[in-house]
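# Descriptive analysis of the structure
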Amino acid sequence: MADYYSDNANALFKRYTALDFEAVHANLLPCMPDTPGAALDIGAGAGRDALALAKRGWEVVAVEPAQRLRQLGASYTEGQAVQWMDDRLPALEKVRALSERFDLILVSAVWMHVPGTQRERAMRVLGDLLAPGGRICITLRYGPGDGERDFHPVSRGEIEHLARQRALVDITPTKARGARADCQGRSDVAWETVCLRLPDDGTGALPVLRHIIVNDQKSSTYKLGLLRAITRIADGLPGMVLKRTEDYVTVPFGLVGLYWIRLYKPLIQEKKLPQIQGNVGYGFAKAAFWGLHSLSALDLRVGQAFDGATGRTVLEAIRDACHTVRKMPANYTTWPGSIEPIFIAEPSSLRLRQQPVRLDLETLSRFGVFHIPRSIWDCASRYACWLEPAIVNEWFDLMGRYEMRYRSEPTREALRWREPIRQTDAVRALIESRLAERPRPRCAWTATPLQSDRYEVDHCLPWTHWSNNDLWNLLPATRRANREKRDRLPAARLLDDARDRILEWWETSYLQTGRRAQFMIEAEAALPMVEDASRPEAVFEGLQHQRRRLKQNQQIAEWMGLS
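So, a few notes on the structure that sits alongside this text. Predicted model only: the values in this text are computed from it and were never measured. (Residues numbered from 1 in each chain as written. Predicted model: local features only at pLDDT ≥ 70, side-chain atom pairs only at ≥ 80, totals over all residues. Heavy atoms only, no water.)

### With respect to the overall build of the chain
- Counting its regular elements, the chain contains 24 helices and 18 strands.
- Taken over the C-alpha trace, the chain has a radius of gyration of 26 Å; the compact-globule value for 563 residues is 24 Å, and the two agree within 12%.
- Counting only C-alpha atoms and orienting by the principal axes, one finds that the chain spans roughly 80 × 65 × 40 Å.
- Relative to its full complement of 563 residues, the chain shows a buried share of 56%.
- Sequence separation of at least 24 residues holds for 73% of the intrachain contacts in the chain that already meet a minimum separation of 6.
- Summed over its atoms, the accessible surface of the chain is roughly 23900 Å², and 47% of this surface lies on carbon and sulfur atoms.
- Counting 77 positive and 70 negative side-chain charges, the chain places the centres of these two groups 4 Å from one another. (Helix = DSSP H or I, 4+ residues; strand = E, 2+ residues; numbered from the N terminus. Rg over C-alpha atoms; globule rule 2.2 N^0.38 Å. Buried < 20%, exposed > 50% of the residue type's maximum accessible area, 1.4 Å probe, protein only. Contact = heavy atoms within 4.5 Å. Areas by Shrake-Rupley, 256 points an atom, 1.4 Å probe, with all protein chains shown as cover. Lys, Arg positive; Asp, Glu negative; His and termini not counted. Charge placed at Lys NZ, Arg CZ, Asp CG, Glu CD.)

So this is what it looks like as structure tokens:
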């Protein structure tokens, strides 16, 4: 199918862009949300609809499997808040890997190409991608095929049936129902628009997580510890995902063990706060765990390197943590009203050697894999800013029930996640060392050549909302631009305008220097969909996805550039 659209891309591009968005979608416009947000245009074709949405204030992910048509569409929408992807229904695997939700999903002139046997799955995928209160708008084509493409029968009744199965509500206005004439003047072709809305979360994941946090019986804090570790990983390290299927997201088991240690080290080692009811020991707090006393929680982070002796101790402590996670919280955290575990741990045997080690994807995968239901992972990713405070509050109350001696301030301090310190000194020194070059480094946002004592290092994704000191996130900026931007996200168009300058900075300052390995490890761990950080273009796409994700999840204000 994509071959037809690629082979005829030039002619189709002219035909599609000649049509007016408002004329084609007259029945869709009354159903659109009042406030622009994140939009997904499936089968975006020439980019006509994506461009129209972007001009109305929407940030658009445009999905088109036909390569040549996608290239033409990307050129047509250049300079607008439109990001193109190669994907297709029913799976939309790449889009789903972003763990984003959309306020508007447009499926225009696509549904008739989806075989009937794949439509139930397609509707499930669309529903999973929809934000609470979001809309799916589907156009149905009635009429014969053209002999060159596969066309399958469609009907409003089928859409309504599939929508009810996914708790989607048909909100199509009465006057917009029924077939209308084809805008290209084909007498034997007619179209109908169906608009659906998701009235609430829709996946059922939030009630499950709330049940685990608030209602589930707990003889220890371990269930909360596992859930908090998963939430932290989903929010901060989307690039550490090993595999995604229809049902599960798989991460390195060693990563779960590492975050487990980071959570419990301050509580047990430093504050000696009991985490189990009664006088019972901790299965993971063995010699290796206590051997980490000289390391801070910040030392135990992805990408950190250790010498032989320390490395062996760290790996042994992670192995012990994984054993406890598998035997205890992963085994006893079950679906409500069931004995079936929610999470699946598959450990691997690990032979420890006394040799230097780096806590990267490969090393942490040696401990095995950990499977998280996809709906739980997506929910943890999207609602981390709500889930973590709820987990921490329940954890605090639970410890108080175990032992009444707890004082509020020290206990809450031990429960605080150890964030890295805001640090830009290394990049500042790098900029300073390059000021004598010609041409001088330029401000990422204004293209102004930097001057000594009149520049600053900007966290592209603001530190206040996402504590990240990775090299890819630290950009050169003029003092004026940095101070005006403050803790706001760069707007989509501003980021796109800065693309070439950002790529140049990454290439010349990191990828072509001794910082290459650090840059790649950090980018591949923290940014979604970055499999090869040696390609700065791939890192930039990951940055775009993460910017949109933060905007959607935390409702962060945007900076449009210098006023």
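### Regarding the packing of aromatic side chains
- Enumeration according to the criterion identifies 20 aromatic pairs in this entry.
- Plain terms: the ring middles of Y264 and F284 are 5.5 Å apart, the flat faces sit at 55 degrees to each other, and that makes the pair tilted. Placement of Y264 in helix α11 (residues 253-270) and of F284 in the loop between α11 and α12 (287-290) is noted, with a sequence separation of 20 residues between them.
- Ring geometry for W445 and W559: centres 6.2 Å apart, planes at 90 degrees, overall edge-to-face. Of this pair, W445 sits in the loop between α19 (425-434) and β15 (455-459) while W559 sits in strand β18 (residues 558-559), and the two are 114 residues apart along the sequence.
- Residue W559 is classed as buried on the basis of its relative accessible area of 1%.
- Grouped by ring-pair contacts, the aromatic residues Y222, W260, Y264, Y282, F284, F289, W290 and W395 constitute a single cluster.
- The lysine or arginine in question, R262, covers the ring of Y259, its NZ or CZ lying 5.6 Å from the ring centre. (Phe/Tyr/Trp six-rings, centres within 6.5 Å; stacked < 30°, edge-to-face > 60°. Lys NZ or Arg CZ within 6 Å of the ring centre and 35° of its normal.)

### Let's talk about the pattern of salt bridges
- Counted under the stated rule, the structure contains 31 salt bridges.
- A salt bridge links R121 to E246; the shortest N-O distance between them is 2.3 Å. One end of the pair, R121, is in helix α7 (residues 119-128); the other, E246, is in the loop between β9 (243-244) and β10 (248-252), with 125 residues separating them in the sequence.
- Its relative accessible area of 31% is what places R121 among the partly exposed residues.
- What you see here is one network of salt bridges that share partners, running through R156, E160, D170, R177 and E192. (Salt bridge = Lys/Arg side-chain N within 4 Å of Asp/Glu carboxyl O.)

### So, the sheet that holds strand β12 (residues 344-347)
- Pairing is antiparallel in the open sheet, where four strands are placed in the order β9-β10-β14-β12. Looking along the sheet, the strands with just one partner apiece sit at the ends: β9 and β12.
- Most of the contacts of α11 go to β10, to which it runs at about 70 degrees, and overall it touches β10, β12 and β14 (368-373). (Pairing = 2+ DSSP bridges. Axes fitted to C-alpha atoms, helices over the stretch in contact; angles between N-to-C directions.)

### What to know about helix α13 (residues 308-327)
- With 20 residues, α13 extends 29 Å between its outermost C-alpha atoms, agreeing within 8% with the 28 Å of an ideal straight helix rising 1.5 Å per residue.
- Those residues of α13 that sit buried are G308, G311, V314, L315, A317, I318, D320, A321, C322, T324 and V325. (Expected span 1.5 Å × (residues − 1).)

### Topic: helix α5 (residues 67-76)
- Residues of α5 that are buried include every one of L69, R70, L72 and G73, and no others. Projected down its long axis, α5 carries its buried residues within an arc of 165 degrees, all on one side. (Arc of directions from axis to C-beta.)

### Looking at the pairing of β10
- Buried residues dominate β10, accounting for four of its five residues.
- In this sheet, β10 lies alongside β9 in antiparallel orientation, the contact comprising two bridges. When the sheet's bridge partners are listed, R244 is paired in β10 with V249.
- The hairpin formed by β9 and β10 contains three residues between the paired strands.
- Pairing geometry for β10 and β14, over five bridges, is antiparallel. Among the inter-strand pairings, T250 is bridged to a residue of β14, identified as H371.

### So, the pairing of strand β4 (residues 102-107)
- In terms of burial, β4 is largely enclosed, as five of its six residues are buried.
- Pairing between strand β1 (residues 38-42) and β4: four bridges, direction parallel. Across the sheet, I42 pairs through a bridge with V107, a residue of β4.
- Sheet analysis places β4 next to strand β5 (residues 130-142), joined by five bridges and oriented parallel. What sits directly across from L104, in β5, is R135.

### Re the state of the cysteines
- If you walk through the whole model with that rule in mind, you get zero disulfides.
- You can see C460 has no disulfide; the closest cysteine sulfur is in C443, sitting 11 Å from it. (Disulfide = S-S within 2.5 Å.)

### Side note on the side chain of R501
- Relative to the helices and strands, R501 resides in helix α22 (residues 499-511).
- Notably, R501 is buried but unbridged: the nearest opposite-charge side chain belongs to D497, and the N-O separation is 6.7 Å.
- Among the polar contacts listed, one links the side chain of R501 to the backbone oxygen of C443, at a separation of 3.5 Å.
- In this view, R501 contacts R442, C443, A444, W445, T446 and A447; residues no more than four positions away in its chain are not counted. (Polar contact = N/O pair within 3.5 Å; in protein donor to acceptor, adjacent residues only side chain to side chain.)

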